[in-house]
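# Observations on the model geometry
Here's the letter readout for the chains.
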Protein chains: 2
Amino acid sequence: MTELNEKQLQILQVAERLFAEKGFDGTSVRDIAREASINIAMVSYYFGSKDKMLEALILWRTSDMRLQLETLLKLDADPWEKLEKLIELYINRVRRNHCIYRIIHFELANTQRSIKIEEFNEVKKRNLGMIRQIVEEGQQSGQFRKDIIVELLPATVLGIYFQFHNTRLFYQSVLDLKTDEDFEQYVEHNLIPYIKQVLKALLKNENQ
Amino acid sequence: MTELNEKQLQILQVAERLFAEKGFDGTSVRDIAREASINIAMVSYYFGSKDKMLEALILWRTSDMRLQLETLLKLDADPWEKLEKLIELYINRVRRNHCIYRIIHFELANTQRSIKIEEFNEVKKRNLGMIRQIVEEGQQSGQFRKDIIVELLPATVLGIYFQFHNTRLFYQSVLDLKTDEDFEQYVEHNLIPYIKQVLKALLKNENQ
DNA sequence: GTTTAAGTTAAACGTTTGTTTAGTTTTGGT
DNA sequence: ACCAAAACTAAACAAACGTTTAACTTAAAC
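Residues numbered from 1 in each chain as written. Chains lettered and ligands numbered in written order. Predicted model: local features only at pLDDT ≥ 70, side-chain atom pairs only at ≥ 80, totals over all residues. Heavy atoms only, no water.

## Some words on the overall build of chain A
Tallying secondary structure elements over chain A gives 11 helices and zero strands in all. Ordered by position from the N terminus, the helices and strands of chain A form the series α-α-α-α-α-α-α-α-α-α-α. Scored against the burial criterion, the 208 residues of chain A give a buried share of 53%. The long-range fraction of contacts in chain A, counting pairs at least 24 apart against all pairs at least 6 apart in sequence, stands at 67%. Of the roughly 10000 Å² of accessible surface on chain A, 46% is carried by carbon and sulfur atoms. In chain A, which carries 29 positive and 31 negative side-chain charges, the distance between the mean positions of the two groups comes to 3 Å. (Helix = DSSP H or I, 4+ residues; strand = E, 2+ residues; numbered from the N terminus. Buried < 20%, exposed > 50% of the residue type's maximum accessible area, 1.4 Å probe, protein only. Contact = heavy atoms within 4.5 Å. Areas by Shrake-Rupley, 256 points an atom, 1.4 Å probe, with all protein chains shown as cover. Lys, Arg positive; Asp, Glu negative; His and termini not counted. Charge placed at Lys NZ, Arg CZ, Asp CG, Glu CD.)

In structure tokens:
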């Protein structure tokens, strides 16, 4: 895949939404064609097959997914401030790309489907390296504790967020969040601060 | 659905594994019939349809999923000990039932599929009530801090665990976990202790 | 031993699936 | 204006899908 033209992007956008809503196997090429107002044959014409379209979709999205951590690193701020900004960056990226995240999580674990995700993993490794730098800064200044498994920090931030979304119906019932707006408001004003609180508590050096 | 006979259980067990591996839409009735060594028609004969079989599967599994929290509550132990036991109960249940959890998370969020999960939510609410009791115990003895959003504690425990599993390939690469055994060992000796550490840090009353 | 119901089967049902074909329209360079 | 390449379409393709049918076997009851 060299370059994507306008029509291809239009198809991928529709496909992304439908795959996230109904799953890859639950979405037919005809569904995509109908909603994208194109002919069924265009999928094969542009991407070769439905499977290759999924690969193109993942490739397209992941290439755009690197965190803007460089600027964060260079920022002359308190490690605690950097940590907050870091969490916000992560959550915002996930919120913007929640469709493709759903797809990747779902189809990746799918045994029979073999998607190329080396690039996806590379992005995650890069981001992990930057997190490690921020954590080490905090450790050197004595503000963060020493025994931190940095690798598990992304899983903590994203895990809490995804679990909240995946059990959405339960939380809407328990927390009395009637509308989608209520739900997003809770994420903004309660969930994200909670995630920050969790990481702060975890990283705080008690011996200081 | 009144009672499940041996054959029905055999079918559901195979279906559970395949749905978890390949998704509901990615698994055909013929796949299930082949692996369960039964005739294709038996699915419709016993359950009515493929969809109703999924409902029966979820109903069967969730009825068996209540945490044994009652004994934990009555235990005359330190709140910190109870917290540890609580986390172990949660994780162990998820590890035992990880297939049905995968299915529920992914098929539930599926827009077009309308599965009855009131019972599933009821179980979760019951469990949440018990967690609240344990937390309140710790708060009354002054060991836990007061401003805890109890509702988000299950999402924290399960979220970290699921995220670790969902991005398995990434973590196998980053943490150099070559075999399945290595992976499970890491969960046992690193991930679960980490989750305990997270919750302890979060709940600990600093003003004590 | 006969009867009745439940269990089980292979085959066929009508749809829907992803993909291809063969033909038409549009586009852009000369 | 012409032509070749690209874009696009309706129709058809075989394969796979979930489900139903009708016939057959087994099991239990009387």
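After that view of the structure, there is still more to cover.
## Section: the side chain of K82(B)
Residues and elements named next belong to chain B. Along the polypeptide, K82 turns up in helix α6 (residues 79–96). Owing to a relative accessible area of 3%, K82 belongs among the buried residues under this scheme. Among all residues touching K82, those that are not within four sequence positions of it are L72, L73, L75, A77, I134 and E137.

## Points about the packing of aromatic side chains
Per the stated rule, a full pass over the model turns up 21 aromatic pairs over all chains. Taken together, the ring pairs connect F164(A), F170(A), Y171(A), F183(A) and Y186(A) into an aromatic cluster. Seen from the ring of Y90(B), R93(B) lies directly overhead, with NZ or CZ sitting 5.4 Å from the centre. Cation over ring: R168(B) sits above F183(B), and NZ or CZ is 4.0 Å from the ring centre. (Phe/Tyr/Trp six-rings, centres within 6.5 Å; stacked < 30°, edge-to-face > 60°. Lys NZ or Arg CZ within 6 Å of the ring centre and 35° of its normal.)

## Quick notes on the relation of the copies chain A and chain B
Superposing chain A onto chain B takes a rotation of 180 degrees combined with a translation of 0.0 Å along the rotation axis, leaving an RMSD of 0.0 Å. When the rotation and shift are considered jointly, the pair of chain copies conforms to a two-fold rotation axis. The rotation axis passes nearest to the C-alpha of G159(A) in chain A, at a distance of 2.0 Å. When you check the interface residues of chain A against chain B, 98% turn up at the interface there too, and the contact is symmetric in its surfaces. (Least-squares fit on C-alpha atoms with pLDDT ≥ 70 in both.)

## With respect to unusual backbone geometry
Residue and element names in this part refer to chain A. At S37, a residue that is not glycine, the phi angle is positive and equals roughly 55 degrees. As for its placement among the helices and strands, S37 is situated in the loop between α2 (29–36) and α3 (41–47). Judged by its relative accessible area of 64%, S37 is exposed.

## Brief notes about the interface of chain A and chain B
How big an interface is tends to be stated in terms of accessible area lost as the parts join. In this assembly, 49 residues from chain A lie in contact with 50 residues from chain B. A combined buried area of about 4600 Å² lies between chain A and chain B, and 61% of that area is made up of carbon and sulfur atoms. Area buried by chain A at its contact with chain B is led by Q163(A), F170(A) and Y194(A), which between them contribute 14% of it. If you look at where chain A meets chain B, you find zero salt bridges. (Buried area = accessible area lost by both parts, 1.4 Å probe. Salt bridge = Lys/Arg side-chain N within 4 Å of Asp/Glu carboxyl O.)

## Quick word on the protein's contact with DNA strand D
In the neighbourhood of DNA strand D, 16 residues make up the surrounding shell, with Y46(A), V29(B), R30(B), S49(B) and K50(B) lying closest. Here, DNA strand D places atoms within 4 Å of the protein, and 53% of those atoms are sugar or phosphate. In this structure, Y46(A) approaches DNA strand D through a side-chain N or O atom, which is 2.8 Å from a phosphate oxygen. Among the elements that line the surface near DNA strand D, the one with the most residues is α3(A), at four residues. Residues that form the surface near DNA strand D fall into these classes: seven nonpolar, five polar and four charged. (Near = heavy atom within 4 Å. Polar contact = N/O pair within 3.5 Å; in protein donor to acceptor, adjacent residues only side chain to side chain. Nonpolar A, V, L, I, M, F, W, Y, C, P; charged D, E, K, R; others polar.)

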